[in-house]
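The residues making up each chain are set out below.
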Amino acid sequence: MSWPQQGGAAGEGKPDQYGLVGHPVSHSWSPFIHGMFAQSTAQNLSYRLFDIAPQDFRRDILQLFTGGVRGLNVTLPHKQAAADLVNELTPRATRAQAVNTIAFFEDTTLLGDNTDGVGLTVDLERNMKVALADKRVLMLGAGGAARGVLGPLLERELREVVIANRTSHKARSLAAEFADLGTISGCGFSEIGGPSYDLIINATSASLHGAMPSLPDGLVGEQTVCYDMAYGRAQTPFTAWATAQHAARACKGWGMLVEQAAESFLLWRGIRPNTRPVLDALAPHL
Ligand code: NDP
């Protein structure tokens, strides 16, 4: 396997093609983010959105790569299907069994990676200055995003992780998959026990539908940081709930979005762009 061919610096011929596949994808800010990265690192590339329904995923993805696309980001609901599709997985994608980044190599290898975990931990630790060691973490949701972040979070030597999901057996089986990395358990929303958590991460897609899981009282204390992976201009149902519960902080997933994108860009282009200008550019829009 050799590195993906690169079209080189901006202005040198046809741009290399990248994009995001998901269903839906129209709300995505990834073209803006990768456009800024390309400009700041002088890379000649284009980045487009591809709305692909689950039943068409395999056929359409293979068509995109045979048609010249060099790399794709993958978002809901395709992250686990993408892990099954690629020929090779990076160690962190193997651990997650979920892929959010695919790189196409010259020898036709499709490499699947997962940059969600590093995106979240960089945002929490570097951007938000949240220390993770010895913290109790509640993760809502057991889909592709939760899978991607559990490994990197557990590497921080957390005291405990509780995964709670609408379909409780998925939370329990996801916890069992990661039990070798730390103290972790799974349950349904109504079964979540106290005392209050240090960090509550919403990794459900409920916010995208304007919904908020129904949770027991007593989960949020004065020091609790609440983090919604979903992002948008207004409050999400989860950040509104966190604010009403007097959480210390209630944040949306913009920083994670930008940091995971920077890691994808690194895999594709061999350069990790500076994320600060993108975070600053997004700030007035949030
Ligand atoms: P998946 O489709 O893989 O998983 C969805 C999860 O949400 C499942 O656990 C599902 O539960 C749960 N869920 C869906 N609807 C509801 C609801 N109404 N009430 C309660 N739970 C619900 O999605 P992903 O894991 O890929 O994405 C999850 C979220 O994270 C999305 O909002 C996505 O935009 C965001 N995200 C943000 C990133 C960022 O960079 N900021 C990166 C990755 C994801 P069940 O198992 O019962 O169906």
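Numbering of residues begins from 1 in every chain and follows the order in which that chain's sequence is written. Restriction of local features to residues with pLDDT of at least 70 applies here, the model being predicted, together with a cutoff of 80 or more for giving and counting side-chain atom pairs; totals for whole chains, interfaces and linings are based on all residues. Calculation of side-chain values draws on the structure's entire complement of heavy atoms; hydrogens and water are dropped beforehand.

Draft legend 1. View of helix α9 (residues 254–269). Only DSSP runs of H or I reaching four residues or more are called helices, and only runs of E reaching two or more are called strands; each is numbered from the N terminus. Each helix should span, by expectation, one fewer than its residue count multiplied by 1.5 Å. Across its 16 residues, α9 extends 22 Å between first and last C-alpha, which sits within 8% of the 22 Å expected from 1.5 Å per residue. In terms of burial, α9 is largely enclosed, as 15 of its 16 residues are buried. Any residue under 20% of the maximum accessible area for its type is buried, any over 50% is exposed, and the rest in between are partly exposed; the area is computed with a 1.4 Å probe on protein chains only.

Draft legend 2. Summary view of helix α2 (residues 57–66). Taken together, the buried positions of α2 are Phe-57, Asp-60, Ile-61, Leu-64 and Phe-65. One side of α2 carries all its buried residues, which in axial view fall inside an arc of 135°. Relative to its buried face, α2 has exposed residues pointing more than 90 degrees away, namely Arg-58, Arg-59, Gln-63 and Thr-66. Buried-residue contacts for α2 involve β1 (16–22), β2 (45–51), β3 (69–74), α3 (79–85), β5 (101–104) and β6 (110–113). For this quantity, the arc is that covered by the directions from the helix axis to the C-beta atoms. Residues are treated as being in contact if the distance between any of their heavy atoms lies within 4.5 Å.

Draft legend 3. Quick peek at the sheet that holds β2. One open sheet accounts for 6 strands, arranged β2-β1-β3-β5-β6-β4; its pairing is mixed. The open sheet is flanked by β2 and β4 (88–89), the only strands paired with a single partner. Pairing between two strands requires that DSSP report at least two bridges joining them. Pairing analysis gives 2 bridges linking β4 to β6, with the strands arranged parallel. Residue pairing in the sheet places Leu-89 in a bridge with Gly-112 of β6. Lines fitted to the C-alpha atoms define the axes, with helices restricted to the stretch that makes contact. Angles between their N-to-C directions range from 0 to 180 degrees. Across the sheet, helix α1 (residues 30–41) touches β1, β2 and β3, and the angle it forms with β2 is around 170°. Against the sheet, α2 touches β1, β2, β3, β5 and β6, its axis set at about 145° to β3.

Draft legend 4. Fine view of the packing of helix α5 (residues 116–127) against helix α6 (residues 144–154). Interaxial distance between α5 and α6 falls to 7 Å at its minimum, and their mutual angle equals 60°. Taken together, the axis directions place α5 and α6 in an arrangement best described as oblique. Handedness of the crossing formed by α5 with α6: right-handed. For the pair α5 and α6, contact is made by Asp-116, Gly-117, Val-118, Leu-120, Thr-121 and Leu-124 and by Ala-145, Gly-148, Val-149, Pro-152 and Leu-153, respectively. When residues are sorted by character, Ala, Val, Leu, Ile, Met, Phe, Trp, Tyr, Cys and Pro go into the nonpolar class, Asp, Glu, Lys and Arg into the charged class, and all the rest, Gly among them, into the polar class. In the contact of α5 with α6, the residues fall into 7 nonpolar, 3 polar and 1 charged. Each angle receives one of four descriptions, namely roughly parallel if under 35 degrees, roughly antiparallel if over 145, roughly perpendicular if within 65 to 115, and oblique otherwise. The handedness criterion is simple: a crossing whose near helix is rotated anticlockwise from the far helix by less than a right angle is left-handed, and one whose near helix is rotated clockwise is right-handed.

Draft legend 5. Seen up close, the packing of α1 against α9. Between α1 and α9, whose axes approach to 10 Å, the crossing angle comes to 50°. Taken together, the axes of α1 and α9 lie oblique to each other. Relative to α9, α1 is oriented so that their crossing is right-handed. Residues Ser-30, Ile-33, His-34, Phe-37, Ala-38 and Thr-41 of α1 touch α9, and the partners they reach there are Leu-257, Val-258, Ala-261, Ala-262, Ser-264, Phe-265 and Trp-268. In terms of residue class, the contact of α1 with α9 is made up of 9 nonpolar, 4 polar and no charged.

Draft legend 6. Inspection of the state of the cysteines at higher detail. Two cysteine sulfurs form what is called a disulfide whenever their separation falls within 2.5 Å. Counting across every chain of the model gives 0 disulfides. For Cys-187, which is in no disulfide, the shortest distance to another cysteine sulfur is to Cys-226 and amounts to 16 Å. Cys-226 provides the cysteine sulfur closest to Cys-251, a residue in no disulfide bond, and the two sulfurs are 8.6 Å apart.

Draft legend 7. Representation of the pairing of β5. Sheet topology places β3 next to β5; 3 bridges connect them, and they run antiparallel. Following the sheet pairing, Asn-73 is matched in β5 by Thr-101. Sheet topology places β5 next to β6; 4 bridges connect them, and they run antiparallel. The residue bridging Ala-103 from the neighbouring strand is Leu-111, located in β6. Hairpin remark: β5 followed by β6, antiparallel, with 5 residues in the connecting loop; positive phi at Thr-108, about 75°.

All quantities given are derived from atomic positions and should not be read as evidence of function.
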